[in-house]
Amino acid sequence: AQEGVSRLHLILNNLSEALHNVLTTIFNVPVQGTTLFKTLLTAHAPALFDALCKQGIYVRLCDEGNALRFGIPDEQGIERLRKALGTKNIRDAMK
């Protein structure tokens, strides 16, 4: 049982690190968070929230309107996010 839990922790840590790397690479800003969630501080949060939702990527717009919170997706979700972040809609939202 302990081996299974350790394997799940390893998978979760790897997915968390992958999400962190995608966000820092695309946005070039520090990303905060835990193993389960990553928070991206950006003045473009509302526009990015709308653009991501239109692509079926659901994130939380923080109450202050200056950050997005991303839950840790599976491997396919990370790839979907990477592709979505490379689209014109996202680039336009960051202007």
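Relevant structure appears above.
Residues numbered from 1 in each chain as written. Predicted model: local features only at pLDDT ≥ 70, side-chain atom pairs only at ≥ 80, totals over all residues. Heavy atoms only, no water.

Draft legend 1. Examining the overall build of the chain more closely. Each helix and strand counted, the chain has 4 helices and 4 strands in total. In the chain, the order of α-helices and β-strands from amino to carboxyl end is α-β-β-α-β-β-α-α. Computed over its C-alpha atoms, the radius of gyration of the chain comes to 14 Å, within 12% of the 12 Å expected for a compact globule of 95 residues. On the principal axes, the C-alpha backbone points of the chain span a range of 50 × 25 × 20 Å. Within the chain, the fraction of its 95 residues that count as buried is 32%. Summarising the internal contacts of the chain: among those between residues at least 6 apart in sequence, 58% fall at separations of at least 24. Working note: accessible area of the chain is about 6,000 Å², and carbon and sulfur atoms make up 54% of it. Separation between the mean location of the 11 positive side-chain charges and that of the 9 negative ones in the chain comes to 6 Å. (Helix = DSSP H or I, 4+ residues; strand = E, 2+ residues; numbered from the N terminus. Rg over C-alpha atoms; globule rule 2.2 N^0.38 Å. Buried < 20%, exposed > 50% of the residue type's maximum accessible area, 1.4 Å probe, protein only. Contact = heavy atoms within 4.5 Å. Areas by Shrake-Rupley, 256 points an atom, 1.4 Å probe, with all protein chains shown as cover. Lys, Arg positive; Asp, Glu negative; His and termini not counted. Charge placed at Lys NZ, Arg CZ, Asp CG, Glu CD.)

Draft legend 2. Region of interest: the side chain of Ser-16. Turning to its location among the elements, Ser-16 is positioned in helix α1 (residues 2-27). Relative accessible area serves as the criterion here: at 5%, Ser-16 is assigned to the buried category. If we ignore the near neighbours within four places in the chain, the residues touching Ser-16 are Thr-34, Thr-35, Lys-38 and Ile-72.

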